[in-house]
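The chain contents come next:
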Amino acid sequence: MGEPCYTKRLDEAIALATDAFRDKVRKGSGIPYLTHLLQVMVYVAEHGGDEDQMIAAVLHDYLEDIEGAEADDLEARFGAHVRQMVEALSDATGQPKPPWQERKVSYLERLRGEHADVKLVCAADKLHNARSVRRDFARVGVRVFDRFTASKEQTLWYYRSVVEALSDGWSHPLLDELVSEVDALLAEAE
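Residues numbered from 1 in each chain as written. Predicted model: local features only at pLDDT ≥ 70, side-chain atom pairs only at ≥ 80, totals over all residues. Heavy atoms only, no water.

1. Brief notes about the overall build of the chain
In step 1: Scanning the chain from N- to C-terminus turns up ten helices and zero strands.
In step 2: If you list the helices and strands of the chain from N to C, you get α-α-α-α-α-α-α-α-α-α.
In step 3: Its C-alpha radius of gyration of 16 Å places the chain within 12% of the 16 Å reference for a compact globule of 190 residues.
In step 4: Principal axes of the C-alpha set define a box for the chain whose edges measure 50 × 35 × 30 Å.
In step 5: Counting across all 190 residues of the chain, residues that qualify as buried make up 48%.
In step 6: Intrachain contacts of the chain at a sequence separation of at least 6 include 68% that bridge at least 24 residues.
In step 7: Summed over all atoms, the accessible surface of the chain reaches about 9,500 Å², with 50% contributed by carbon and sulfur.
In step 8: Side chains of the chain give 23 positive and 35 negative charges; the mean places of these two sets differ by 6 Å. (Helix = DSSP H or I, 4+ residues; strand = E, 2+ residues; numbered from the N terminus. Rg over C-alpha atoms; globule rule 2.2 N^0.38 Å. Buried < 20%, exposed > 50% of the residue type's maximum accessible area, 1.4 Å probe, protein only. Contact = heavy atoms within 4.5 Å. Areas by Shrake-Rupley, 256 points an atom, 1.4 Å probe, with all protein chains shown as cover. Lys, Arg positive; Asp, Glu negative; His and termini not counted. Charge placed at Lys NZ, Arg CZ, Asp CG, Glu CD.)

Structure (structure tokens):
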């Protein structure tokens, strides 16, 4: 029996995500939201992320989407680094959320200056989102954009802008995958 690849902290993070997102589904698809969180965690792990990044990946939407979620609780359970990453990955943590455009512009400005550990998790998140949108676009066409708060044009602008922000001072094979996916989405949707 070899050394464990991760500690019980990851077990606890997955359990928290499973419980917190139990009743949530992906917009317009009916697919359990947990599948997104787990896929982002898998991408992070497959691309060299450490345990803190895996935990942040599975909880990256926790502060943003779960009513009553507290950053202090994340820090107490998983440490200051995980808290910092989850906060950095959230475009808003208060309710009500600011308007979509305002939130996204602010997030993109912050993202440019983030550390590589945060950018890896963000790239994994956006890669899974872009792949999901592209897959659903192939099935239902332009109606896929009806499920989002933003318009089709705003959504495509956001994906282009995320790629630009992540590329600022950072390169990584996962970013290359995201660039390819976003390029394909833009070509098909525009």
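2. Quick notes on the nonpolar core
In step 1: Counting residues in hydrophobic clusters, the biggest one holds 61 residues, and the most contacted among them are Leu59, Tyr62, Leu74, Phe78, Leu166 and Leu178.
In step 2: Per-element accounting of this core gives the leading share, ten residues, to helix 8 (residues 116-140).
In step 3: In contact with Phe78, other than residues within four places in its own chain, are Arg9, Glu12, Ala13, Leu16, Asp52, Ile55 and Leu59. (Core = buried A, V, L, I, M, F, W, Y, C linked by side-chain atoms within 4.5 Å.)

3. Here's the deal with helix 1 (residues 8-20)
In step 1: Helix length check: helix 1 (13 residues) gives 18 Å between terminal C-alpha atoms against 18 Å at 1.5 Å per residue, within 8%.
In step 2: Within helix 1, burial applies to Leu10, Ala13, Leu16 and Ala17. The buried residues of helix 1 occupy one face: seen down the axis, they fall within an arc of 120°. Set apart from the buried face of helix 1 by more than 90 degrees, the exposed residues are Lys8 and Asp19. (Expected span 1.5 Å × (residues − 1). Arc of directions from axis to C-beta.)

4. Focus on the pattern of salt bridges
Any two side chains of opposite charge can pair if their charged atoms end up close together.
In step 1: Tallying each qualifying case throughout the model produces 19 salt bridges.
In step 2: Among the charged side chains, a network of salt bridges with common partners joins Arg131, Arg134, Glu177, Glu181 and Glu188. (Salt bridge = Lys/Arg side-chain N within 4 Å of Asp/Glu carboxyl O.)

5. Some words on the layout of surface pockets
In step 1: Taken as a whole, the largest pocket encloses approximately 860 Å³ of empty space.
In step 2: Elements that contribute at least two residues to the lining of the largest pocket include exactly helix 2 (34-46), helix 4 (62-65), helix 7 (100-112), helix 8 and helix 9 (152-167).
In step 3: With eight residues, the top contributor of residues to the lining of the largest pocket is helix 8.
In step 4: Residue composition of the lining of the largest pocket, grouped by class: eleven nonpolar, nine polar and 15 charged. (1 Å grid on protein atoms, 1.4 Å probe; cavity = no way out; pocket = protein on both sides within 12 Å on 5 of 7 lines; lining within 4 Å. Points joined across faces, edges and corners; volume = space filled by probe spheres on them. Nonpolar A, V, L, I, M, F, W, Y, C, P; charged D, E, K, R; others polar.)

6. Focus on the packing of aromatic side chains
In step 1: With the rule as written, the count across this model stands at six aromatic pairs.
In step 2: Judged by centre distance (6.4 Å) and plane angle (45°), the rings of Trp157 and Tyr158 are tilted.
In step 3: For Tyr158, a relative accessible area of 7% puts it in the buried group.
In step 4: Taken together, Trp100, Trp157, Tyr158 and Tyr159 form an aromatic cluster joined through their ring pairs. (Phe/Tyr/Trp six-rings, centres within 6.5 Å; stacked < 30°, edge-to-face > 60°.)

7. Looking at the packing of helix 8 against helix 9
To characterise two packed helices, one gives the angle between the axes of the helices and the distance between these axes.
In step 1: Running from N to C, helix 8 and helix 9 point in directions that differ by 155°, and their axes come no closer than 11 Å. Judged on the interaxial angle alone, helix 9 and helix 8 are roughly antiparallel. As helix 8 runs across helix 9, the sense of the crossing is left-handed. Counting all contacts with helix 8, which are made through Lys119, Cys122, Ala123, Lys126, Asn129, Ala130 and Val133, the residues of helix 9 involved are Tyr158, Tyr159, Val162, Ala165 and Leu166.
In step 2: Here the contact of helix 8 with helix 9 is composed, by residue class, of nine nonpolar, one polar and two charged. (Axes fitted to C-alpha atoms, helices over the stretch in contact; angles between N-to-C directions. Parallel < 35°, antiparallel > 145°, perpendicular 65-115°, else oblique. Left-handed = near helix turned anticlockwise from the far one by under 90°.)

8. Observations concerning the environment of Ser167
In step 1: Here Ser167 shows up in helix 9.
In step 2: A relative accessible area of 34% places Ser167 in the partly exposed class.
In step 3: Residues Ser167 and Leu111 lie 56 residues apart in sequence; the distance between their C-alpha atoms is 9.9 Å.

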